[in-house]
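Summary of structural features
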Amino acid sequence: MTCQSQAEPVILTLQSGGDGPEDVMGGLQAVFSRLTWGEKEVCKVIVHVADWPCHGTQYHTESSENHPGGDPAGISHEQMMQKVADQDIQYWFGYIDPNLTDQMIRIFNESLQQLSKRQLLIRQISAQDPKEMGDAVNRSVMGSIYGAAAARRATMKPYNLNKTIPEWGAIPEMQGKKTSSPPLRSMEDLQKGLKLDPPSINISVKCAPDPFNEGSESIVYHGYDVTNKQKIVLKKYKREGDEFNNLGCYMKELMVRTITNTYVQGFNDDKTKPSPSTLLVVHPVEIVQCQGSQQIYMLETFLKGNVEKYNNNAGIVCTKAPESDMMQAFSHYSWAKSGRSLLICDLQGVQSYSTVILTDPAIHSMMPGSYGFTDHGEEGIKLFFKSHRCGNFCTHMGLNSQLP
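Residues numbered from 1 in each chain as written. Predicted model: local features only at pLDDT ≥ 70, side-chain atom pairs only at ≥ 80, totals over all residues. Heavy atoms only, no water.

Closest axis-to-axis distance for the helix H1 (residues 24–34)/helix H2 (residues 77–87) pair is 10 Å, and the angle between their directions is 35°. The way H1 lies across H2 gives a crossing that is left-handed. Across the interface between the two elements, Met25, Leu28, Gln29 and Phe32 of H1 pack against His77, Met80, Met81, Lys83 and Val84 of H2. A breakdown of the residues in the contact of H1 with H2 according to their chemical character gives 6 nonpolar, 2 polar and 1 charged. (Axes fitted to C-alpha atoms, helices over the stretch in contact; angles between N-to-C directions. Helix = DSSP H or I, 4+ residues; strand = E, 2+ residues; numbered from the N terminus. Left-handed = near helix turned anticlockwise from the far one by under 90°. Contact = heavy atoms within 4.5 Å. Nonpolar A, V, L, I, M, F, W, Y, C, P; charged D, E, K, R; others polar.)

Time to look at the packing of helix H7 (residues 324–337) against helix H8 (residues 377–387). Where H7 meets H8, the axes come as close as 11 Å, and the angle between the chain directions of the two elements is 135°. Compared by their axis directions, H7 and H8 come out oblique. Read as a crossing pair, H7 and H8 show a hand that is left-handed. Of the residues in H8, those touching H7 at Gln328, Ser331, His332 and Trp335 are Ile381, Phe384 and Phe385. Across the contact of H7 with H8, the residue classes break down as 4 nonpolar, 3 polar and no charged. (Parallel < 35°, antiparallel > 145°, perpendicular 65-115°, else oblique.)

This brings us to H7. Between its terminal C-alpha atoms H7 stretches 20 Å, which fits the 20 Å expected from 14 residues at 1.5 Å a residue. In terms of burial, H7 is a largely internal element, 12 of the 14 residues being buried. Looking at H7, one finds that the buried residues are Ser324, Met326, Met327, Gln328, Ala329, Phe330, Ser331, His332, Tyr333, Ser334, Trp335 and Ala336. Remark: Gly339 follows H7 within two positions and exhibits a positive phi of approximately 70°. (Expected span 1.5 Å × (residues − 1). Buried < 20%, exposed > 50% of the residue type's maximum accessible area, 1.4 Å probe, protein only.)

What follows deals with the packing of aromatic side chains. Enumeration according to the criterion identifies 9 aromatic pairs in this entry. With 4.6 Å between their ring centres and 50° between their planes, Tyr237 and Tyr250 make a pair best called tilted. Of the two residues, Tyr237 is situated in strand E10 (residues 230–237) and Tyr250 in helix H6 (residues 247–269); the sequence distance between them amounts to 13 residues. Accessibility assignment for this pair places Tyr237 and Tyr250 in one class, buried. Each ring, one from Tyr237 and one from Phe373, has its centre 5.0 Å from the other, and the planes form 75°; the classification is edge-to-face. In this pair, Tyr237 is assigned in strand E10 and Phe373 in the loop between strand E18 (362–365) and H8, connecting sequence segments 136 residues apart. Judged by its relative accessible area of 28%, Phe373 falls in the partly exposed class. Feature note: the residues Tyr237, Tyr250 and Phe373 constitute an aromatic cluster, connected by ring pairs. Over the ring of Phe267 we find Lys273; its NZ or CZ atom is 5.4 Å from the centre of that ring. (Phe/Tyr/Trp six-rings, centres within 6.5 Å; stacked < 30°, edge-to-face > 60°. Lys NZ or Arg CZ within 6 Å of the ring centre and 35° of its normal.)

Glancing now at the sheet that holds strand E11 (residues 279–282). Read across the sheet, 4 strands follow the order E11-E17-E16-E14 without closing on themselves; strand pairing throughout is mixed. Edge strands, defined here as strands with exactly one partner in the open sheet, are E11 and strand E14 (308–309). As defined by bridge partners, E11 adjoins strand E17 (residues 355–358) across 4 bridges and the pair is classed as parallel. Note that in E17 the partner of Leu280 across the bridge is Val356. Docked against the sheet, H6 engages E11 and E17, running at close to 165° with respect to E11. (Pairing = 2+ DSSP bridges.)

Set out below in structure tokens:
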């Protein structure tokens, strides 16, 4: 287990106690007791290489376990993941046999998702090839350093979440222009290149003073479309700097929705799917640029119902969610149909009868960042396929034979 503090790594080696599982919790505890990380460190990294999981039968199914109840010192994974989240640490896990350690990492990641405001995730890579592993970690660390430096140049407006819908009579109108709804594109259109028109349609909106919800990259406000007399939500990126908050960044979101809609239509029309199957619909988004203040928002009509998460953009697959098998197949389908050039993920939505309305998807491409902040490139695609297991939909559609 290697921990980077400034320029000097600290290396801890854990010895087995006669059974297979290792003292992972004790190792992590030693990391946090021996190192003091502060705000001045731009990038904080833990590299954990192991051929066995930690103690406790909840983390594995092996019989050779001297401490089935968990860590003998009583250290919980929640305590350790809380420290990772508090310190905003990049956690890399190098596996020898993923069949032995996947369950442990899945449990760790579930905790990190709940504890981290930035929804941190442990990234996995094979430790069989040390050079490949080192190169991957190095690329990620350097990218994080540059990203952190850019983030520091940006400002983040303080905010408090407030779920109360305001009295719209007391909220001033904002005049601006919005984008038109892009027409449905074909696969051939996408191959020729996608050009979207900038905001040009007059609109008047009202926005609540405080957001009522947030994601890893954006905050969400109650809104009211005065022009069309309907409830809406308005979303803004959290960062206020020019590198993070310009019209080009927001137009990438419109591009993601447009591309996703094309693949959704192809998926819905595919005759090889099991029948009957739920219909997918992409919740439309418009980009609004306000006059005077030059504030930019993503505008969506208000979507009623509980949002179900199916997968994210960091390799986590929610297999217990309703329609999960179909949703994972759609992500796989997008990769196969795009000629292995992109993968649509971060699937979430609201089910209404026999339809799932998808909102806020992400795209990983072969060029990281091409589709916004959530485009993690080839690494994101690899993370999806590391977690993905082809099911009934993939088998019927022949996707199980199309793997990286």
